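If you want the building blocks of each chain, they are given just below.
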Amino acid sequence: NMSHEYNRQSRLPDLQQRKAAIDLFMETSGGRMPNAEKMRHRMMRALARDAVGYASAAFNLGEMALSDQLARYATSLSPDIRNSLPWLKLSCKRILGQNGWRVLQALLGKLAHRRRQSD
């Protein structure tokens, strides 16, 4: 349980350290690579995708402040993350709120169960 709590709290610092590693790599070695800026963009987008995933998980746990913080960090890494399916899902969760999201999940679970039974 203690490691789980530490893991949740360390998500943002972990993402920040990963970004710092990418930045350092690009500063020191990027000039020797063709398409370095394209590669940097892809790495930042992947990091932003991780941040959105963590934001979604934090939302599920009721950690709204952490979810918001991670979502803001994701957009600072790659503003076009707002065009992704994970961002859309997180946005829907936020619109529905935690209770609405739980109700929707329960309904979707029931529908999936019925579909499996009818197959």
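Every value quoted in this text rests on a predicted model; they were computed, and no experiment measured them. (Residues numbered from 1 in each chain as written. Predicted model: local features only at pLDDT ≥ 70, side-chain atom pairs only at ≥ 80, totals over all residues. Heavy atoms only, no water.)

## Section: the pattern of salt bridges
Scanning all chains against the criterion turns up 6 salt bridges. A salt bridge links Lys-19 to Asp-23; its shortest N-O distance comes to 2.6 Å. Placement of the pair is Lys-19 and Asp-23 together in helix 2 (residues 11–29), with a separation of 4 residues, close to one helical turn. Residue Asp-23 pairs with Arg-40 through a salt bridge whose shortest N-O separation is 2.7 Å. You can see Asp-23 sitting in helix 2 and its partner Arg-40 sitting in helix 3 (residues 36–60), a full 17 residues away along the chain. On the accessibility criterion, Arg-40 (24% relative accessible area) is partly exposed. One salt-bridge network, in which partners are shared between bridges, spans Asp-14, Arg-18 and Asp-50. (Salt bridge = Lys/Arg side-chain N within 4 Å of Asp/Glu carboxyl O. Helix = DSSP H or I, 4+ residues; strand = E, 2+ residues; numbered from the N terminus. Buried < 20%, exposed > 50% of the residue type's maximum accessible area, 1.4 Å probe, protein only.)

## Quick word on the environment of Ser-76
Along the chain, Ser-76 turns up in helix 4 (residues 64–77). Residue Ser-76 is classed as exposed on the basis of its relative accessible area of 51%. Among the polar contacts made by the side chain of Ser-76, one reaches the main-chain carbonyl oxygen of Tyr-73 at a distance of 2.7 Å. (Polar contact = N/O pair within 3.5 Å; in protein donor to acceptor, adjacent residues only side chain to side chain.)

## A look at the side chain of Thr-75
Within the secondary structure, Thr-75 sits in helix 4. For Thr-75, a relative accessible area of 13% gives the class buried.

## Things to note about the nonpolar core
Most often, soluble globular proteins keep nonpolar side chains buried together rather than apart. In this structure, Leu-15, Val-52, Leu-70, Ala-74, Leu-77, Ile-81 and Leu-90 are the most contacted members of the largest nonpolar core, which totals 23 residues. Of all the secondary-structure elements, those providing two or more residues to this core are helix 2, helix 3, helix 4 and helix 5 (85–118). At 9 residues, the largest contribution of residues to this core is made by helix 3. In contact with Ile-81, not counting residues within four places along its chain, are Arg-45, Ala-48, Arg-49, Val-52, Ala-74, Thr-75 and Trp-87. (Core = buried A, V, L, I, M, F, W, Y, C linked by side-chain atoms within 4.5 Å. Contact = heavy atoms within 4.5 Å.)

## A closer look at the packing of helix 3 against helix 4
Where helix 3 meets helix 4, the axes come as close as 8 Å, and the angle between the chain directions of the two elements is 165°. Overall, the two elements helix 3 and helix 4 adopt an arrangement that is roughly antiparallel. Between helix 3 and helix 4 lies a crossing of left-handed hand. Contacts between helix 3 and helix 4 pair Met-44, Leu-47, Ala-48, Ala-51, Val-52, Tyr-54, Ala-55, Ala-58 and Phe-59 from the former with Met-64, Leu-66, Ser-67, Leu-70, Ala-71, Ala-74 and Leu-77 from the latter. Class assignment of the residues belonging to the contact of helix 3 with helix 4 gives a composition of 15 nonpolar, 1 polar and no charged. (Axes fitted to C-alpha atoms, helices over the stretch in contact; angles between N-to-C directions. Parallel < 35°, antiparallel > 145°, perpendicular 65-115°, else oblique. Left-handed = near helix turned anticlockwise from the far one by under 90°. Nonpolar A, V, L, I, M, F, W, Y, C, P; charged D, E, K, R; others polar.)

## Some points on a nonpolar patch on the surface
On the surface, Leu-96, Leu-104, Leu-108 and Leu-111 cluster together into a nonpolar patch covering about 340 Å² of accessible area. With respect to the secondary-structure elements, Leu-108 resides in helix 5. (Patch = residues over 30% accessible without salt bridge, like charges linked within 9 Å, V, L, I, M, F, W, Y side chains within 5 Å. Areas by Shrake-Rupley, 256 points an atom, 1.4 Å probe, with all protein chains shown as cover.)

## Observations concerning unusual backbone geometry
For Asn-35, which is not glycine, the phi torsion reads 60° and is therefore positive. Take Asn-35: it is sitting in the loop between helix 2 and helix 3. On the accessibility criterion, Asn-35 (58% relative accessible area) is exposed.

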